[in-house]
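# Close look at the chain arrangement
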Amino acid sequence: MLNRQDNISDLCEQSHAMEVLAELQAGLTISRSLFGDLAEKVGLQVDELLSLLDKLLNHNILREISPVFNASGLGYISTLAAASVPEDNINDFVAYLNAMPGVSHNYGRAANYNVWFTLALPGELGNNAVFDEAFTLLRERFGLDDIISLPVKKMYKLKVNFGRNVRSGSKSLTDARRAGLPVAINEKDKQLVRLLQHGLPLCEYPFQAIADKLNEGTAVEQYTESEIIEKVKDWQAAGVIRRVAGRVRHYNLGYSHNAMMVIKLHDALVDEAGRVVASKDYVSHCYHRQRAQNWQYDLYAMIHAESQRMLDEYIAEIISELDYLDYLVLPTICEYKKQSVRYFE
């Protein structure tokens, strides 16, 4: 009998599977039948594509297919936080974090700061004081001495593409610079965001299915398919939506080794180093972050590899190209939570 990993490997070896994953990660073009358009692009019938997508989701290769929202465009601000948590308290701390809708990513890392999480809260850009209350609550509730907040100062790369046939290039850098300034969001818009962020329905006309869902139980139609499509296009043009894409579970695609590399630099050198690091295909995220009082690292990169040997080689390559480095490598020990932020919930 095949084990689970064998099933995953066989599925990924199916004709079109890796091409579909590459296209999904690069982002879909918004249209009434965006899955039909994708099917035509990769040479499948739409029912064949939908069946393949269903299998990729059920085998935990795909996490979801949904809009990637820019927090600032929805009136939120976000930060990366790190906490030093005693081992006998870590399970309760992680469970509490994971229940917070503003926490999207939560990892255990091999470092003194052993829990790293992202937190998004309603607030204005630059007003990082909104996080103070949340961190004070966490410190008091769990008796913690040290939580640091590391908000983004500049994004150099946000492009998560795993697998063969992945499109490379500078598109991620262009997308990363889009401001995503806040737009007016009314209650009707919030309803739409709440549904979109949980994933597109797997059907030929997903936006019609979303409209049907939002109109359930209403005497008068509140949403039309065309209105939703136009709203998604408008949000994408404004940078509120970065792209509509599929997000994968990279461990199940063979990327079993990853680490966050943090680098301490003089301010004048950060941009140069950020561009060099972001150019690497094996780097998915690269940010310049604000320093904390007792944590002076300011350039952050997520590095992914299929083996420890490859991970070590990638890190060595970065070090060789940036020969003035003061750095740490923080391996990922455990993935506690990884999903999109749940806005307006």
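If you're wondering where the values come from, they're calculated on a predicted model, not measured in any experiment.

## Digging into the environment of Val94
As for its placement among the helices and strands, Val94 is situated in helix 5 (residues 90-98). Taking C-alpha positions, Val94 is 9.6 Å from Phe117, a pair spaced 23 residues apart along the chain. Apart from residues no more than four positions distant in its own chain, Val94 is found in contact with Asn106 and Tyr336.

## Comments concerning the pairing of strand 7 (residues 241-248)
Burial within strand 7 is extensive, with seven of its eight residues counted as buried. Taken together, the seven bridges between strand 1 (residues 62-69) and strand 7 define a ladder with antiparallel strand orientation. Across the sheet, Val68 pairs through a bridge with Arg243, a residue of strand 7.

## A look at the confidence of the model for the protein
With 89% of its residues at a pLDDT of 70 or more, the protein has an overall mean of 89. Taken as a whole, residues 164-178 scores under 50 in pLDDT and shows 35 contacts with residues more than four places along the chain or in a different chain.

## Considering the nonpolar core
Looking at soluble globular proteins, one finds that nonpolar side chains tend to be buried together. Ranked by size, the top nonpolar core spans 49 residues in total, and within it Leu53 and Phe207 carry the most contacts. Core analysis: the second largest hydrophobic core is formed by 22 residues, Tyr156, Val270, Ala273 and Met310 among them.

## Quick word on the environment of Asp145
Here Asp145 lies in the loop between helix 6 (130-142) and strand 5 (147-150). Taking the C-alpha atoms as reference points, Asp145 and Ala83, separated by 62 residues in sequence, lie 8.6 Å from one another.

## Quick word on the environment of Trp295
Here Trp295 lies in the loop between strand 9 (283-289) and strand 10 (299-305). Classification of Trp295 as buried rests on a relative accessible area of 8%. Through-space distance from the C-alpha of Trp295 to that of Ser149 is 9.7 Å; in sequence the pair is 146 residues apart. Excluding its chain neighbours within four sequence positions, the residues that come into contact with Trp295 are Tyr113, Trp116, Ile148, Leu150, Val262, Tyr300, Leu328 and Leu330.

## Some points on the packing of aromatic side chains
Summed over all chains, the structure comprises 13 aromatic pairs. Ring geometry for Phe93 versus Phe117: centroids 6.3 Å apart, planes at 70°, classification edge-to-face. Of this pair, Phe93 sits in helix 5 while Phe117 sits in strand 4 (residues 115-122); the two residues are 24 residues apart in sequence, bridging distant segments of the chain. Across the pair, exposure class does not vary: Phe93 and Phe117 are buried alike. Judged by centre distance (6.1 Å) and plane angle (25°), the rings of Phe131 and Phe135 are stacked. On the criterion of helical spacing, the pair formed by Phe131 and Phe135 is a turn pair, its members being four residues apart in helix 6. Phe135 carries the same exposure label as Phe131, and that label is buried. Arg109 extends its terminal NZ or CZ atom over the ring of Tyr107, reaching a point 5.1 Å from the ring centre. Taking NZ or CZ as reference, Arg289 lies 5.8 Å from the ring centre of Tyr300, over its face.

Basis of the calculations
Residues numbered from 1 in each chain as written. Predicted model: local features only at pLDDT ≥ 70, side-chain atom pairs only at ≥ 80, totals over all residues. Heavy atoms only, no water. Helix = DSSP H or I, 4+ residues; strand = E, 2+ residues; numbered from the N terminus. Contact = heavy atoms within 4.5 Å. Buried < 20%, exposed > 50% of the residue type's maximum accessible area, 1.4 Å probe, protein only. Pairing = 2+ DSSP bridges. pLDDT = per-residue confidence, 0-100. Core = buried A, V, L, I, M, F, W, Y, C linked by side-chain atoms within 4.5 Å. Phe/Tyr/Trp six-rings, centres within 6.5 Å; stacked < 30°, edge-to-face > 60°. Lys NZ or Arg CZ within 6 Å of the ring centre and 35° of its normal.

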